[in-house]
Amino acid sequence: QVQLVESGGGLVQPGGSLRLSCAASGFTFSNYAMSWYRQAPGKERELVARITSGGGITNYADSVKGRFTVSRDNAKNTVYLQMNSLKPEDTAVYYCNAIRNYVSRVFQYWGQGTQVTVSS
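Residues numbered from 1 in each chain as written. Predicted model: local features only at pLDDT ≥ 70, side-chain atom pairs only at ≥ 80, totals over all residues. Heavy atoms only, no water.

### Quick look at the side chain of Ser-21
Thinking step 1. Structurally, Ser-21 can be placed in strand S3 (residues 18–25).
Thinking step 2. Those residues in contact with Ser-21 that lie beyond four places of it in its chain are Val-5, Glu-6, Ser-7, Trp-36, Thr-78, Val-79 and Tyr-80. (Helix = DSSP H or I, 4+ residues; strand = E, 2+ residues; numbered from the N terminus. Contact = heavy atoms within 4.5 Å.)

Here's what the structure looks like:
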């Protein structure tokens, strides 16, 4: 069955770094654009970063530009989010998302999330 499994979250001090990973299985990973979303307590889920199926195009939320980098390894069916210069406002549950538009249908999958806490 389809699985997206995030890992790499944890507690980090302000200014620190974390690298999130999302391992995919059960679908053709290289056909899907991959995204990272986050949701802080009391807030709506927001898009953090997106990478196209081939990895050639990336997009970022303004709040993370210059600090976060999304990448993927289609041979390993894995997408990454390198997070540098972390701030307390980056604290949230981070979710991996896979999406594909095919023959007028949208195929979309979500991971279970990984907690990132930025605090001193």
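### Regarding unusual backbone geometry
Thinking step 1. Although it is not a glycine, Ser-85 sits at a positive phi angle of roughly 50°.
Thinking step 2. You will see that Val-103, though not glycine, has its phi angle at about 50°, which is positive.
Thinking step 3. Mapped onto the elements, Val-103 comes out in the loop between strand S9 (92–102) and strand S10 (105–110).

### Overview of the nonpolar core
Thinking step 1. Formed by 29 residues in total, the largest nonpolar core has its most connected members in Met-34, Trp-36, Val-79, Leu-81, Met-83 and Tyr-94.
Thinking step 2. For this core, the elements supplying multiple residues, two or more each, are S3, strand S4 (33–39), strand S5 (46–51), strand S7 (68–73), strand S8 (78–83), S9 and strand S11 (114–118). (Core = buried A, V, L, I, M, F, W, Y, C linked by side-chain atoms within 4.5 Å. Buried < 20%, exposed > 50% of the residue type's maximum accessible area, 1.4 Å probe, protein only.)

### Quick notes on the environment of Gly-66
Thinking step 1. By the secondary structure assignment, Gly-66 is in the loop between strand S6 (58–60) and S7.
Thinking step 2. A relative accessible area of 83% means that Gly-66 is categorised as exposed.
Thinking step 3. The sequence separation of Gly-66 and Met-83 amounts to 17 residues, and the corresponding C-alpha distance is 9.6 Å.

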